Amino acid sequence: MDIQLKRGLLDVCVLKAIKNEDSYGYQIIKDIKPFVEMSESTLYPILRRLEASELLTVRTAEHNGRLRKYYRITDLGIKRIEEFKREWQEIISIYNFVTKEDRDEQE
Amino acid sequence: MNKNEFIIRLRQGLSSLRGADVDKSVDYYTEIIEDRIEAGQSEEEAIASLGSIDEIISQTLDETGDQAPIVEKIKNIRKMKRWEKVVLIAGSPLWLVLLISLVAVAASLIASLWAICISFCAIELSLLAGSLAGVICTFIMLFTGRMYQGLLLLGAALLCLGLGILLFKLTIQCVKLMAMGTVKTFVACKHALVGKEDTNEK
């Protein structure tokens with residue numbers, strides 16, 4: 001898949017994974033797993049990118065005597081998900097246009 | 001590979017990044033490993049499931065490089081300049097004196113060549129002025145009845161004019177050559193300096 005497109009999609013996946021409650025790295029990967037296979041090394045830069053663009057915030061909390069980073073979505077992050085839903089309509093119509101001939105041939 | 005070995009290799013692999021970036025990355029993977037162990041995996045399993053460490057390193061380098069390419073570049077330039085400054089300051093007694101004398105020699109060479117050029121112009125100007133004055137005086141003398149002196153003066157004036165015409169092209173050529181030479185010298189100096197700046201940036 002086109003790297004830019006995939007990047008954008010995975011960003012939204014991660015935002016969705018922390019939308020309802022704060023989550024941490026391992027949990028995010030587990031939650032996404034049924035839908036998208038994402039490795040830890042893929043998730044890491046995404047989290048950093050989302051933090052840099054203020055779509056999520058990070059806090060460190062103690063868990064079983066060690067530190068764990070929890071990620072919380074921001075208003076901007078929620079907006080991004082809504083934006084994605086709207087954009088998707090556009091992508092579907094682009095898809096319809098691109099595959100138009102294929103479908104015409106089939107008919 | 002156990003956790004400590006993993007962390008050491010990760011730190012080594014990311015050593016080109018800023019310290020804070022390395023720490024963040026190490027914290028992240030440590031947390032994941034510990035979470036995996038907590039979920040029931042053994043340490044070895046947890047690390048194995050992260051995939052190849054070389055891939056993790058190259059991916060982290062790529063992504064972090066993507067995020068802060070300009071910052072990294074500026075840092076490199078600063079490093080270069082600091083290093084250069086030390087060399088420049090340490091070597092200044094030598095190169096500064098050499099540079100000043102070189103500039104002085106070049107400047108005096110240009111100045112003396114221009115002096116020759118200016119004297120040519122002065123000769124040319126005086127020859128033309130002399131011939132003009134000679135012709136005017138000749139007419140005055142002819143009208144005031146001093147025929148022989150007038151003719152002598154006319155001869156001198158014509159001689160001046162002839163020499164002036166002969167020297168005219170030479171003088172123009174001389175000025176042109178000097179002007180072009182001076183401009184070219186300055187342009188060459190500028191290019192030399194700009195060229196140096198370019199290598200600094202690299």
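Please read all numbers here as calculations on a predicted model, not as lab measurements.

**Observations concerning the overall build of chain A**
Here is step 1: When you go through chain A residue by residue, the secondary structure sums to five helices and two strands.
Here is step 2: The helix and strand sequence of chain A, counted from the amino end, reads α-α-α-β-β-α-α.
Here is step 3: Over its C-alpha atoms chain A spans a radius of gyration of 17 Å, topping by over 25% the 13 Å that the globule rule assigns to 107 residues.
Here is step 4: Projected onto its principal axes, the C-alpha positions of chain A cover 65 × 25 × 20 Å.
Here is step 5: Relative to its 107 residues, chain A shows a buried fraction of 36%.
Here is step 6: Restricting to contacts in chain A with at least 6 residues of sequence separation, those with at least 24 account for 47%.
Here is step 7: Carbon together with sulfur atoms contributes 52% to the accessible area of chain A, which is approximately 7,100 Å² in total.

**Let's talk about the nonpolar core**
Here is step 1: Core analysis: the largest hydrophobic core is formed by 41 residues, its most contacted members being Val14 and Ile28 of chain A together with Phe6, Leu10 and Tyr28 of chain B.
Here is step 2: The leading source of residues in this core is helix H2 (residues 19–38) of chain B, at six residues.
Here is step 3: Setting aside residues no more than four positions away along its own chain, Ile28 of chain A makes contact with Val14, Ala17, Ile18, Ser23, Leu43, Leu47 and Tyr71 of chain A.

**Quick notes on the packing of aromatic side chains**
All names here are of chain A.
Here is step 1: Counted under the stated rule, the structure contains six aromatic pairs over all chains.
Here is step 2: An angle of 75° between the planes, with centres 5.6 Å apart, marks the rings of Tyr24 and Tyr70 as edge-to-face. Linking Tyr24 in the loop between helix H1 (3–17) and helix H2 (25–32) with Tyr70 in strand E2 (residues 66–73), this pair joins segments that are 46 residues apart in sequence. Take Tyr24 and Tyr70: they sit in the same class, and that class is buried.

**Details of the interface of chain A and chain B**
Here is step 1: In this assembly, 22 residues from chain A lie in contact with 21 residues from chain B.
Here is step 2: Of the roughly 2,000 Å² buried at the junction of chain A and chain B (both faces included), carbon and sulfur atoms supply 43%.
Here is step 3: Counting the surface chain A buries against chain B, the share from its top three residues, Tyr26, Glu40 and Tyr44 of chain A, is 35%.
Here is step 4: Across the contact surface, chain A and chain B share seven salt bridges.
Here is step 5: Two residues, Asp21 of chain B and Arg48 of chain A, come together in a salt bridge whose shortest N-O distance is 3.1 Å.
Here is step 6: At the boundary of chain A with chain B, the tally comes to twelve residue pairs in polar contact (both at pLDDT 80 or more).
Here is step 7: Of the residues that constitute the side of chain A that touches chain B, the class distribution is nine nonpolar, five polar and eight charged.

**Overview of the pattern of salt bridges**
All names here are of chain A.
Here is step 1: In the structure shown here, the tally under the stated rule is 18 salt bridges over all chains.
Here is step 2: Between Glu37 and Lys33 there is a salt bridge whose closest N-O contact spans 4.0 Å.
Here is step 3: The exposure class of Glu37 is exposed, given its relative accessible area of 64%.
Here is step 4: A salt bridge links Glu87 to Arg80; its shortest N-O distance comes to 3.6 Å.
Here is step 5: Owing to a relative accessible area of 22%, Arg80 belongs among the partly exposed residues under this scheme.

**So, the packing of helix H3 (residues 40–52) of chain A against H2 of chain B**
Here is step 1: Interhelical geometry of H3 of chain A versus H2 of chain B gives an angle of 130° and a closest axis separation of 11 Å. Between H3 of chain A and H2 of chain B, the angle falls in the class oblique. Read as a crossing pair, H3 of chain A and H2 of chain B show a hand that is right-handed. Contacts between H3 of chain A and H2 of chain B involve Glu40, Ser41, Leu43, Tyr44, Leu47, Arg48 and Glu51 of chain A on the former and, on the latter, Asp21, Lys24, Ser25, Tyr28, Tyr29, Ile32 and Arg36 of chain B.

**Structural notes on the confidence of the model for chain A**
Here is step 1: Put simply, chain A has an average pLDDT of 89, and 99% of its residues get 70 or more.
Here is step 2: Looking at the elements of chain A, mean pLDDT is at its lowest for helix H5 (residues 100–106) of chain A, recorded as 75, and at its highest for E2 of chain A, recorded as 93.

Analysis parameters
Residues numbered from 1 in each chain as written. Chains lettered and ligands numbered in written order. Predicted model: local features only at pLDDT ≥ 70, side-chain atom pairs only at ≥ 80, totals over all residues. Heavy atoms only, no water. Helix = DSSP H or I, 4+ residues; strand = E, 2+ residues; numbered from the N terminus. Rg over C-alpha atoms; globule rule 2.2 N^0.38 Å. Buried < 20%, exposed > 50% of the residue type's maximum accessible area, 1.4 Å probe, protein only. Contact = heavy atoms within 4.5 Å. Areas by Shrake-Rupley, 256 points an atom, 1.4 Å probe, with all protein chains shown as cover. Core = buried A, V, L, I, M, F, W, Y, C linked by side-chain atoms within 4.5 Å. Phe/Tyr/Trp six-rings, centres within 6.5 Å; stacked < 30°, edge-to-face > 60°. Buried area = accessible area lost by both parts, 1.4 Å probe. Salt bridge = Lys/Arg side-chain N within 4 Å of Asp/Glu carboxyl O. Polar contact = N/O pair within 3.5 Å; in protein donor to acceptor, adjacent residues only side chain to side chain. Nonpolar A, V, L, I, M, F, W, Y, C, P; charged D, E, K, R; others polar. Axes fitted to C-alpha atoms, helices over the stretch in contact; angles between N-to-C directions. Parallel < 35°, antiparallel > 145°, perpendicular 65-115°, else oblique. Left-handed = near helix turned anticlockwise from the far one by under 90°. pLDDT = per-residue confidence, 0-100.

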